[in-house]
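# Observations on chain architecture
Each chain, written out:
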Amino acid sequence: MDVNDLLTEAYDRLPDLVATAVDGLSPEQLRQPPAPGANTVGWLVWHLTRIQDHGVADLLGEEQIWVTGDWARSFGMTADPDDTGFGYGPEQVATVRPENGQVLLDYHAAVVDRTRRYLRGVRPADLDRVVDLNWDPPVTLGVRLVSLLDDDLQHAGQAAYVRGLVERG
């Protein structure tokens, strides 16, 4: 297996996890915290998608899909490229209001499509290229791609867990 196949295989696990967490939930269930102050399924899926969108756009030197599309309106938000949900408190989590599960799935699919295109072009030697000097040690492309995937997988698992709590009422 080459590096492109490996990375694509890993990232391609996310859409099914996201769909499992979202499919069939009402807008109210997507926005319902399972306990006071907890994250919602809608916020978790929005956030994991924003993290991937923000990170891959940065690697490509392109605008984020969140900014170039009409996605923000479907979430009751503005298209702020710096807003990924990082550091959100309960009041901010409640401002992420997806119209329905399909908008979450469609935004995620658009981001995944661009990520796949990017991953097809990654060569083994690229993985050692430093992409962020703001850390000690500096972050390489390989570390950044693993970090993005790790964050997304954790949030997808959290979304599935929260879904179970919300459905139980």
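Just above sits the structure.
Please read these numbers as outputs of a predicted model, since none were measured by experiment.

### Some words on the overall build of the protein chain
A tally of regular secondary structure across the protein chain gives nine helices and two strands. Ordered by position from the N terminus, the helices and strands of the protein chain form the series α-α-α-α-α-α-α-α-β-β-α. Compactness check: the protein chain gives a C-alpha radius of gyration of 16 Å against a globular reference of 15 Å for 169 residues, within 12% of the reference. When its C-alpha atoms are laid out on the principal axes, the protein chain stretches across 50 × 30 × 30 Å. Residues classed as buried in the protein chain amount to 44% of the 169 residues present.

### Section: the nonpolar core
V22, V41, W46, W66, F75, Y118 and L145 are the most contacted members of the largest nonpolar core, which totals 44 residues. Mapped onto this core, the elements with two or more residues apiece are α1 (3-11), α2 (14-22), α4 (41-60), α5 (65-68), α6 (71-74), α8 (101-120) and α9 (141-168).

### Observations regarding α9
Here α9 contains 28 residues, and its C-alpha end-to-end distance of 41 Å stays within 8% of the 40 Å for a straight helix at 1.5 Å per residue. G169 sits one or two positions beyond α9 and adopts a positive phi of about 75 degrees.

### As for the pattern of salt bridges
Tallied over the entire structure, the rule returns ten salt bridges. The closest approach of N and O atoms between R13 and E9, which form a salt bridge, is 2.9 Å. Exposure remark for E9: the relative accessible area of 38% places this residue in the partly exposed category. Note that D12 and R116 form a salt bridge whose closest N and O atoms lie 2.6 Å from each other. Of this pair, D12 sits in the loop between α1 and α2 while R116 is found in helix α8, placing the two residues 104 residues apart along the sequence. Using a relative accessible area of 28% as the deciding quantity, one classes D12 as partly exposed. Among the charged side chains, a salt-bridge network with shared partners connects D12, D113 and R116.

Cut-offs and rules
The residue count restarts for each chain, going from 1 along the sequence in the order it is written. Where totals are concerned, whole chains, interfaces and linings use all residues; where local detail is concerned, this predicted model gives features only for residues with pLDDT of at least 70, and gives and counts side-chain atom pairs only at 80 or more. The side-chain values count all of the structure's non-hydrogen atoms but skip hydrogen atoms and water molecules. Runs of H or I in DSSP of at least four residues are treated as helices and runs of E of at least two as strands, each being numbered from the N terminus. Throughout, radius of gyration means the C-alpha value; the globule benchmark is 2.2 Å times the number of residues raised to the power 0.38. Each residue's exposure class comes from its accessible area (1.4 Å probe, protein chains only) as a fraction of the maximum for that residue type: buried when under 20%, exposed when over 50%, partly exposed otherwise. By nonpolar core we mean a set of buried residues, namely Ala, Val, Leu, Ile, Met, Phe, Trp, Tyr and Cys, connected to one another through side-chain atoms within 4.5 Å. Between the first and last residue of a helix there are one fewer steps than residues, each counted as 1.5 Å, and that sum is the expected span. For this analysis, a salt bridge means a side-chain nitrogen from Lys or Arg found within 4 Å of a carboxyl oxygen belonging to Asp or Glu.

The quantities given are spatial measurements derived from coordinates; they are silent on function.
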